[in-house]
Amino acid sequence: MQQALWKYADMARSIKKTAREHAQHGSILVEAVIAAAITLTTLMGAITTFSYLYRSAISNTANTQAAFLEEEGLEAVRILRDNGWTTNIASQTSGANVYLYWNGTTWTATSTNTFISGVFERKVIFADIYRDGNKNIVLSGGTLDTNTKKVTVFVSWSARGATTTRSLSTYLANVFNN
């Protein structure tokens, strides 16, 4: 009888040992699934971050190029002024789109739109200036100042299905009386 009890006790220990081994195998599987989920989440976060940084870099490049094109546009208008106020500036219709063209020697104003690098559109708009009795610029009323124009340079480009436009304005005066 005692042998039967020992056999029974050995069998119970064997069953407990097998149950522990199965429990360990199950916990290893759960740990593997959790580790895979953490790794996947980390990779997705890294991919999303790099994607955002790449789009930001591309956007910043276009913004920087547009800023340079605006400055270049204002400098080109100053060259037009220096080459002849009456011919190049005063003759422009207020509020009309004017485009700049480099002919190899100097800048010229044209009504033909040209795209820069096939991406950017740059246009210039001249506006008449009116002054009050104290020679201050006024938005309405006043006397037309034929020797001053407001110049606004617009640079536009398309990116990811949307058009972005930047502008830069200044006042230009007929300093050379030409």
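Details of the structure are given in the entry above.
This structure is a prediction, so every number in the text was calculated from the model and none was measured.

Participant: Any chance you could break down the pairing of strand β7 (residues 162–173) for me, citing the residues and the numbers?
Facilitator: Sheet analysis places strand β6 (residues 143–159) next to β7, joined by 12 bridges and oriented antiparallel. Within β7, the residue paired with lysine 150 across the bridge is tyrosine 171. Once β6 ends, the chain turns through 2 residues before running back antiparallel as β7, passing arginine 160 with a positive phi of about 50°.

Participant: Hey, could you go over the pairing of strand β4 (residues 120–131) for me, with residue numbers and the actual values?
Facilitator: Here 2 bridges tie strand β1 (residues 97–102) to β4, and the two strands are oriented antiparallel to one another. Residue pairing for β4: asparagine 97 is matched across the bridge by isoleucine 125. In the sheet, strand β3 (residues 115–116) pairs with β4 via 2 bridges, with the strands oriented antiparallel. Bridging across to β4, isoleucine 116 finds its partner in phenylalanine 120. Linking β3 back to β4 in an antiparallel pair, the connection comprises 3 residues, with serine 117 at a positive phi of about 60°. The sheet contact formed by β4 and strand β5 (residues 137–138) spans 2 bridges and is antiparallel. Bridge pairing in β5 links arginine 131 to isoleucine 137. Hairpin connection from β4 to β5: 5 residues lie between these consecutive antiparallel strands, with lysine 135 at a positive phi of about 70°.

Participant: Give a description of a nonpolar patch on the surface that names residues and reports values.
Facilitator: Residues Leu40, Leu43, Met44 and Ile47 make up a contiguous nonpolar surface patch of about 410 Å² in total accessible area. Within the secondary structure, methionine 44 is located in helix α1 (residues 2–83). Residue methionine 44 is classed as partly exposed on the basis of its relative accessible area, which comes to 46%.

Participant: A description of the packing of aromatic side chains should follow, citing residues and the corresponding values.
Facilitator: All chains considered together, the criterion is met by 2 aromatic pairs. Between phenylalanine 120 and tryptophan 157, the ring centres sit 5.7 Å apart and the planes meet at 55°, which makes this aromatic pair tilted. Here tryptophan 157 lies in strand β6 and phenylalanine 120 lies in strand β4, a separation of 37 residues in the sequence. In this structure, lysine 123 is placed above the aromatic ring of phenylalanine 154, and the distance from its NZ or CZ to the ring centre is 5.6 Å.

Participant: An account of the pattern of salt bridges is needed here, citing residue identities and associated values.
Facilitator: This structure, assessed with the given rule, holds 6 salt bridges. For arginine 166, the salt bridge identified is with glutamate 70, shortest N-O distance 3.3 Å. Here arginine 166, found in strand β7, pairs with glutamate 70, found in helix α1; they are 96 residues apart in sequence, far enough to count as distant. Judged by its relative accessible area of 29%, arginine 166 falls in the partly exposed class. Between arginine 122 and glutamate 72 there is a salt bridge whose closest N-O contact spans 2.8 Å. Pair noted here: arginine 122 is in strand β4 and glutamate 72 is in helix α1, with a separation of 50 residues, a long-range link. Judged by its relative accessible area of 6%, arginine 122 falls in the buried class. A relative accessible area of 34% means that glutamate 72 is categorised as partly exposed.

Participant: Could you give me a rundown of unusual backbone geometry, with the residues and numbers involved?
Facilitator: With the exception of glycine, most residues fall at negative phi, and the peptide bonds are largely trans. Positioned with a positive phi, lysine 135 is a non-glycine residue whose angle comes to about 70°. Among the secondary structure elements, lysine 135 is positioned in the loop between β4 and β5. Not every positive phi belongs to a glycine, and asparagine 177 is a case in point at roughly 50°. Mapped onto the fold, asparagine 177 is located in the segment after β7.

Quick notes on the rules
- Residues numbered from 1 in each chain as written.
- Predicted model: local features only at pLDDT ≥ 70, side-chain atom pairs only at ≥ 80, totals over all residues.
- Heavy atoms only, no water.
- Pairing = 2+ DSSP bridges.
- Helix = DSSP H or I, 4+ residues; strand = E, 2+ residues; numbered from the N terminus.
- Patch = residues over 30% accessible without salt bridge, like charges linked within 9 Å, V, L, I, M, F, W, Y side chains within 5 Å.
- Areas by Shrake-Rupley, 256 points an atom, 1.4 Å probe, with all protein chains shown as cover.
- Salt bridge = Lys/Arg side-chain N within 4 Å of Asp/Glu carboxyl O.
- Buried < 20%, exposed > 50% of the residue type's maximum accessible area, 1.4 Å probe, protein only.
- Phe/Tyr/Trp six-rings, centres within 6.5 Å; stacked < 30°, edge-to-face > 60°.
- Lys NZ or Arg CZ within 6 Å of the ring centre and 35° of its normal.

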